[in-house]
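Structural overview
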Amino acid sequence: MADIAVIGAGYVGLTTGACLASLGHNVTIADIDEKKIQDLEAGKIPIFEPGLEELVSTAVSDNNLHFVVGARSASATAQFHFLCLPTPPKSDGTTDMQYFHAAIEEIREIIPPESIIVNKSTLPVGSASNIQNLLSRKDVEIVSNPEFLSEGNAVQDFLNPARIVVGAESDETATKVAALYSKIDTPIVLTDAASAELTKHTANAFLAMKLTFVNEIAALCELVGANITDVTKGIGLDPRIGSSYLQPGPGWGGSCFPKDSSSLVQTAKRVGFDFELLEKAIDRNQIHLERTAKKIMDELPDKNAHKDGKIAVLGLTFKAGTDDLRSSPSLAVIGYLLAEDVQVAGYDPMVFEAVEELEELDIASDSYQAALGADVLAILTEWEEFTDLDFGKIRDVMRQPVIVDARNLLRRRDMEDQGFRYIGIGQ
Ligand code: UDX
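Owing to the predicted nature of the structure, the values given are computational and were not obtained by experimental measurement. (Residues numbered from 1 in each chain as written. Predicted model: local features only at pLDDT ≥ 70, side-chain atom pairs only at ≥ 80, totals over all residues. Heavy atoms only, no water.)

Considering the overall build of the protein
- Summing up its helical and strand segments, the protein has 16 helices and 14 strands in all.
- Within the protein, buried positions represent 52% of all 427 residues.
- A fraction of 70% describes how many contacts in the protein between residues 6 or more apart in sequence connect residues 24 or more apart.
- For the protein, the accessible area works out to roughly 19400 Å², and carbon and sulfur atoms hold 52% of it.
- Distance from the positive charge centre (37 side chains) to the negative charge centre (64 side chains) of the protein: 4 Å. (Helix = DSSP H or I, 4+ residues; strand = E, 2+ residues; numbered from the N terminus. Buried < 20%, exposed > 50% of the residue type's maximum accessible area, 1.4 Å probe, protein only. Contact = heavy atoms within 4.5 Å. Areas by Shrake-Rupley, 256 points an atom, 1.4 Å probe, with all protein chains shown as cover. Lys, Arg positive; Asp, Glu negative; His and termini not counted. Charge placed at Lys NZ, Arg CZ, Asp CG, Glu CD.)

Structural notes on the site of the ligand
- Every one of the 19 residues lining the ligand counts as a neighbour, but Glu151, Tyr245, Gln247, Lys319 and Arg407 are closest to it.
- In this structure, an oxygen atom belonging to the ligand sits 3.4 Å away from a main-chain N or O atom of phenylalanine 148.
- Take arginine 407: an N or O atom from its side chain is 2.8 Å from an oxygen atom of the ligand.
- For the ligand, whose accessible area on its own is 670 Å², the fraction buried by protein is 91%.
- Assessed atom by atom at 2 Å from the grid points, the ligand resides in the second largest pocket.
- Looking at the shell around the ligand, the element that brings in the most residues is helix α9 (residues 193-224), giving 3 residues.
- Two domains each put at least three residues into the shell around the ligand: domain 1 (3-191) and domain 2 (193-427). (Near = heavy atom within 4 Å. Polar contact = N/O pair within 3.5 Å; in protein donor to acceptor, adjacent residues only side chain to side chain. 1 Å grid on protein atoms, 1.4 Å probe; cavity = no way out; pocket = protein on both sides within 12 Å on 5 of 7 lines; lining within 4 Å. Sits in = over half its atoms within 2 Å of the grid points. Domains from an automatic or database assignment.)

Topic: the domain arrangement of the protein
- Under the domain assignment used here, the protein contains domain 1 (3-191) and domain 2 (193-427).
- Computed over C-alpha atoms, the centres of domain 1 and domain 2 are 32 Å apart.
- Each side of the interface is counted separately: domain 1 has 28 residues, and domain 2 has 26 residues.
- When the two sides are added together, the surface that domain 1 and domain 2 hide from each other amounts to roughly 2100 Å², 55% of it contributed by carbon and sulfur.
- For the domain 1 face of the interface with domain 2, the top three residues by lost area are Phe48, Val125 and Glu151, together amounting to 32%. (Buried area = accessible area lost by both parts, 1.4 Å probe.)

So, the layout of surface pockets
- The calculated volume of the largest pocket comes to roughly 1100 Å³.
- Along its surface, the largest pocket is lined by 44 residues, and Gly10, Tyr11, Leu85, Pro86 and Arg326 are the ones closest to its centre.
- Of the voids in this model, the second largest pocket is the one considered here, and its volume is about 980 Å³.
- The wall of the second largest pocket is formed by 43 residues, among which Ser150, Leu207, Tyr245, Phe257 and Lys319 lie closest to the centre.
- Of all the secondary structure elements, the ones that give two or more residues to the lining of the second largest pocket are α7 (154-159), β7 (164-167) and α9.
- With 6 residues, α9 is the single largest residue contributor to the lining of the second largest pocket.
- In terms of residue class, the lining of the second largest pocket is built from 21 nonpolar, 13 polar and 9 charged.
- Counting the residues that make up the lining of the second largest pocket, at least three belong to each of domain 1 (3-191) and domain 2 (193-427). (Points joined across faces, edges and corners; volume = space filled by probe spheres on them. Nonpolar A, V, L, I, M, F, W, Y, C, P; charged D, E, K, R; others polar.)

Structural data, given as structure tokens:
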């Protein structure tokens, strides 16, 4: 079993650290945020991720998992240093590497000889090689071992992954990193660092493009009188296409797809390649978000008096099963609605406070309160609990019974039977 330092106790670092500890390794997770480390030591997990709290608590009581402030104390004795740091986008779409550079500066002189640095976060192609130069330690190799964790399913994704990708300059180093996962039964792709880095960006860009494509076909369905649910079922049964990631929505978002796809476009630009296809998929996603807002606005009774209109939004997080609001499609749509001066009340089972960037958005304590006096009820995140609402009660408290279901979560027939005008996506 290996001694592992995990630098960064964010969503990726905590999941990675806890899962590696559950595989039997001796893991120390470091963060610069003292309060976060204190909370973790007290058993408080700062993010909502199913299964993570239990995993952390078991690993801590097995003495396999420790928390410290500062990378140096974690890295001084470790054989592997997993960098799980933020990679925010800069205004031009490129990736801000400041956290990586700061961490390397901090640990470069103290990490033990022959130890291995593993980049877990999503980094642009060429980062491993740039960090290697910055490190200027011939005895320490940088490896790219990207995470493919989906929020709300991160622990499962880590312990039962579709694959593990390890990119290193030497086969020996790649094999050492792959061996950390020997208890996991899954295909392992051993490659060079640049290919591993590109694999991660390609996976996210491909999924984002797939979703843009589905949303385009959904728009087309509406114009030709076809139904997207049947169309995606019909194509999804073809194993060459596959049935997952075919659910249309208001547009895609989250902490990864928008930033990773823009970063790949910028990487391509840097090397003189015009990645028009991906750029268009990003632009079209923005159009789908606007289109969703327009669909909702079109249902307001008085087109000339938006101020008097009220819209209830169910779902604020970027998808169900998470409390994450980063680049949430729902918030983007609400932004368009608020810009039209309409009143918006939103409810989400995981959001309890005002949303910083949308001050005018009223946060309701439940779906019924949000729906009170509303002209339109818009479902923007696919929380299962919205299917169990008392729609008779919702209808009675609304000013007019109209539902715009941007996730196709509800059954049209049921809603029409309850007296609603029901507008889905691609139907
Ligand atoms: C994604 C990748 O799935 C993961 O492998 C990577 O490591 C990080 O980025 P995540 O950001 O958690 O994970 O979100 P994901 O579940 O992929 O959803 C992204 C967006 O696509 C959300 O806005 C979601 O609502 C939307 N989506 C997803 C759809 O609209 N339809 C679908 O069928 C699937």
